[in-house]
Amino acid sequence: MERWDIYDADKNKTGRTMIRNDFPMKDGDYHLSVLGIVTDGKGRFLITQRKADKAWAPLSWEVSGGGVQAGETSEQAVRREVSEETGLKLDGADIIFMSSYRSEGGPDHNNYFEDIYQVRLDFTPEDVHIQASETENFRICGLNDVMLLGENGKFLHYERLLPVMEEIGTES
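Residues numbered from 1 in each chain as written. Predicted model: local features only at pLDDT ≥ 70, side-chain atom pairs only at ≥ 80, totals over all residues. Heavy atoms only, no water.

**Student:** Lay out the packing of aromatic side chains with the relevant residues and their values.
**Tutor:** All told, the structure shown has 3 aromatic pairs when counted by the stated rule. Judged by centre distance (6.4 Å) and plane angle (65°), the rings of tyrosine 101 and tyrosine 112 are edge-to-face. Within this pair, whereas tyrosine 101 is found in strand β7 (residues 94-103), its partner tyrosine 112 is found in strand β8 (residues 112-120), the two being separated by 11 residues in sequence. For the pair tyrosine 101 and tyrosine 112, a shared accessibility class is recorded, and that class is buried. The side chain of arginine 139 reaches across the aromatic face of tryptophan 61, ending 5.4 Å from its centre. (Phe/Tyr/Trp six-rings, centres within 6.5 Å; stacked < 30°, edge-to-face > 60°. Helix = DSSP H or I, 4+ residues; strand = E, 2+ residues; numbered from the N terminus. Buried < 20%, exposed > 50% of the residue type's maximum accessible area, 1.4 Å probe, protein only. Lys NZ or Arg CZ within 6 Å of the ring centre and 35° of its normal.)

Dropping the structure here:
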C-alpha cells in the first residue's frame, strides 16, 4: 500500500505518513506532489492525454506527475513519474526545479504542495512508450498548442503551469 509523507505548512516533514489519497487531511497537514514538464532538444513539450475512462478529467491533456511516496524526494518522484508515464529513460536528462506552490484542499482537505520541474531530454516520438493503463495518447508540441488546449479547458493545471511553460517553451 503506497504511503505519502505528511508535511507541515512550511513544507517540513512531520514524521507522520498517510495512505495515498486517504482524505480528509487534518488542518495544517499537506502531502507533496510533482509535475514534470518534459521538453525535447528543440524545447517542445511532451504532453499526454488521460484515458477516456478516468473518473476525473477524462481525455484532458497534462504533463507527467503524481504523488511523492514516503521517503522519496520530489526530484526522485518526478524521475519515477515521468519514466512510468512516458517510458522515457532519464539517464542524462537535466532535471531542473522551476517552482512550487501550496494548495488548500477545500472541503475534502486535500492539502498539498506541488513541485514543478523541467525535464530536458533529447528524445524522439519512438522513444515514448506511454503507460497504456493511464494514458490515451501523447503529443510533442509547442507552447501555442498548449495554450490553445488550456484556453479551451482541456489542459490540467493550465493556469499554474502557463508561467513556467512560457519561461521554458518555444512557439513551434
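**Student:** Run through the pattern of salt bridges, naming residues and quoting values.
**Tutor:** Applying the stated criterion across every chain yields a total of 13 salt bridges. Among the salt bridges present, the one from glutamate 2 reaches arginine 20, with a minimum N-O distance of 3.4 Å. Taken as a pair, glutamate 2 in the segment before β1 (3-7) and arginine 20 in the loop between β2 (13-19) and β3 (31-39) lie far apart in primary sequence, 18 residues in all. Among the ionic pairs, arginine 44 bridges to aspartate 40, the shortest N-O distance being 2.6 Å. Its relative accessible area of 24% is what places arginine 44 among the partly exposed residues. Judged by its relative accessible area of 6%, aspartate 40 is buried. Through salt bridges with shared partners, a single ionic network connects Glu72, Arg80, Glu81 and Glu84. (Salt bridge = Lys/Arg side-chain N within 4 Å of Asp/Glu carboxyl O.)

**Student:** Please set out the pairing of β3 residue by residue, giving values where relevant.
**Tutor:** Burial within β3 is extensive, with 9 of its 9 residues counted as buried. The two faces of β3 match: His31, Ser33, Leu35, Ile37 and Thr39 on one face and Leu32, Val34, Gly36 and Val38 on the other face are all buried. Where β3 and β8 come together, 9 bridges link them in parallel fashion. Within the sheet, the bridge partner assigned to valine 38 lies in β8 and is valine 119. The pairing of β3 with strand β6 (residues 64-67) spans 4 bridges and is classified as antiparallel. Each residue of the ladder has a partner; that of glycine 36, found in β6, is serine 64. (Pairing = 2+ DSSP bridges.)

**Student:** Could you give me a rundown of the packing of helix α2 (residues 143-151) against helix α3 (residues 158-168), with the residues and numbers involved?
**Tutor:** For any two helices packed against each other, the geometry is given by the interaxial angle and the distance between the axes. Between α2 and α3, whose axes approach to 11 Å, the crossing angle comes to 165°. The angle between the axes of α2 and α3 places the two elements in the roughly antiparallel class. For the pair α2 and α3, the crossing hand works out as left-handed. Contacts from Leu143, Val146, Met147, Gly150 and Glu151 in α2 reach Tyr158, Leu162, Met165 and Glu166 in α3. In terms of residue class, the contact of α2 with α3 is built from 6 nonpolar, 1 polar and 2 charged. (Axes fitted to C-alpha atoms, helices over the stretch in contact; angles between N-to-C directions. Parallel < 35°, antiparallel > 145°, perpendicular 65-115°, else oblique. Left-handed = near helix turned anticlockwise from the far one by under 90°. Contact = heavy atoms within 4.5 Å. Nonpolar A, V, L, I, M, F, W, Y, C, P; charged D, E, K, R; others polar.)

**Student:** Can you lay out the environment of alanine 77 for me, pointing to particular residues and giving the numbers?
**Tutor:** Mapped onto the secondary structure, alanine 77 falls in helix α1 (residues 74-86). The class for alanine 77 is buried, based on a relative accessible area of 0%. As a C-alpha pair, alanine 77 and valine 34 span 43 residues in sequence and 7.0 Å in three-dimensional space. For alanine 77, the residues in contact, after removing those within four places along its chain, are Val34, Val68 and Glu72.

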